[in-house]
Amino acid sequence: MTVKRLLLLQGVMLLGFSGIFLLPKVTNIAPQGIDLHLPEFVGEWYGEDQQIGALELEILANDTGFARKLYRNGRGDEIFVSIVLSGHDLDNSIHRPERCLPAQGWSVADSERVTISVPELPKGRLPVTRLYNLRKQPLPNGNFITIHNLNFYWFVGYDNLTASHLERTLIDIRDRVMRGYNQRWAYITVASTITDNLDRFGRDETETDAMLRKFIEDLYPKIAKTPAK
């Protein structure tokens, strides 16, 4: 009975995803719901622009938008922030980081959905996906050290936001079929290295997590253009 149910479920999923290719092509694009310009200051943090990689510019659609900064505070902590804004070719503009992190040498050790307090949102909570990543880095003596990293990401449309790439896809299907337009989605990443094994006064996972959550709480109102649901 279990095998039959599994086969039925696979058939339904295959039919559903095959239907994506039969969706109507639409040219109407809803306004973006996020400001593509990251602020210079976020609380105690000062941000400097970061260069967009040549490979990203080559792979992603020509009208993809980017904003990228590395923020530092007086204590020496660093937070990397990236916004990738989709163009008309949504499928070739944004993707979830689980797809590209392995190509950068990272292994995703853990993934979970969490919420972050953002009082400006209608329900006061921002849904995000939290990734715990690992990467081996060579040392001059030939040994290796393990780098630990926390990465929070979410997607923002014109009037929707979600922590799920699948949910974003389902919203796109609804918009195309029922409303005749696409939302111009922004994919936002906020990440930092866990430094307690790298620096005498570094932060452990709990401290890094709290630091990133507070940063996102302060950042989001500065870049949001619409009260996303």
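Predicted, not measured: the structure shown is a model, and the values here were computed from it. (Residues numbered from 1 in each chain as written. Predicted model: local features only at pLDDT ≥ 70, side-chain atom pairs only at ≥ 80, totals over all residues. Heavy atoms only, no water.)

Trainee: Explain the overall build of the chain to me, using residue names and the numbers behind them.
Mentor: Scanning the chain for helices and strands turns up 4 helices and 9 strands. Across the chain, helices and strands are ordered from the amino to the carboxyl terminus as α-β-β-α-β-β-β-β-β-β-α-β-α. Burial statistics for the chain: of 229 residues in total, 42% are counted as buried. For the chain, long-range pairs separated by at least 24 residues make up 65% of all intrachain contacts whose partners lie at least 6 apart in sequence. (Helix = DSSP H or I, 4+ residues; strand = E, 2+ residues; numbered from the N terminus. Buried < 20%, exposed > 50% of the residue type's maximum accessible area, 1.4 Å probe, protein only. Contact = heavy atoms within 4.5 Å.)

Trainee: Lay out the pairing of strand β4 (residues 78–85) with the relevant residues and their values.
Mentor: The buried fraction of β4 is high, at 6 of 8 residues. By the bridge criterion, 8 bridges tie strand β3 (residues 65–72) to β4 in an arrangement that is antiparallel. Within β4, the position partnered with K69 by the bridge is V81. What sits between β3 and β4 in their antiparallel hairpin is a turn of 5 residues, with G76 showing a positive phi close to 100 degrees. When β4 meets strand β9 (residues 186–194), the two strands line up antiparallel, connected through 6 bridges. Bridge assignment links V84 to a residue of β9, and that residue is Y187. (Pairing = 2+ DSSP bridges.)

Trainee: Go over the side chain of K69, please, and point to the residues and values.
Mentor: With respect to the element layout, K69 can be found in strand β3. With a relative accessible area of 8%, K69 lands in the buried category. Excluding residues within four positions of it along the chain, K69 makes contact with L38, P39, G47, E48, D49, Q50, I79, F80 and V81.

Trainee: Please set out helix α3 (residues 165–179) residue by residue, giving values where relevant.
Mentor: Here α3 is 15 residues long and its end C-alpha atoms lie 20 Å apart, about the 21 Å a rise of 1.5 Å per residue gives. Among the residues of α3, R168, T169, I171, D172, D175 and R176 are the ones counted as buried. Here the buried residues of α3 occupy an arc of 160 degrees about the axis, which is enough to place them on one side. Exposed and oriented more than 90 degrees from the buried face of α3 are L170 and M178. Looking at the buried residues of α3, the elements they touch are β7 (144–156) and β8 (161–162). Phi for G180, located one or two positions after α3, is positive at around 75 degrees. (Expected span 1.5 Å × (residues − 1). Arc of directions from axis to C-beta.)

Trainee: Before we move on, can you summarise the side chain of N160 with the specific residues and values?
Mentor: Assignment of secondary structure puts N160 in the loop between β7 and β8. Using a relative accessible area of 9% as the deciding quantity, one classes N160 as buried. Side chain to side chain, N160 and Q183 meet in a polar contact 2.8 Å long. (Polar contact = N/O pair within 3.5 Å; in protein donor to acceptor, adjacent residues only side chain to side chain.)

Trainee: Quick one: what's the story with the pattern of salt bridges, residue by residue and with numbers?
Mentor: Applying the stated criterion across every chain yields a total of 11 salt bridges. Notably, a salt bridge pairs E78 with R72, separated by 3.0 Å at the nearest N-O pair. Owing to a relative accessible area of 37%, E78 belongs among the partly exposed residues under this scheme. A relative accessible area of 36% means that R72 is categorised as partly exposed. Here E205 and R130 are joined by a salt bridge, their closest N and O atoms 2.9 Å apart. With E205 in helix α4 (residues 205–223) and R130 in strand β6 (residues 125–138), this residue pair connects regions lying 75 residues apart in the sequence. When its relative accessible area of 6% is taken as the criterion, R130 is described as buried. It is possible to trace a salt-bridge network through shared partners that takes in E112, R130, E205, D209 and R213. (Salt bridge = Lys/Arg side-chain N within 4 Å of Asp/Glu carboxyl O.)

Geometry only, nothing functional implied.
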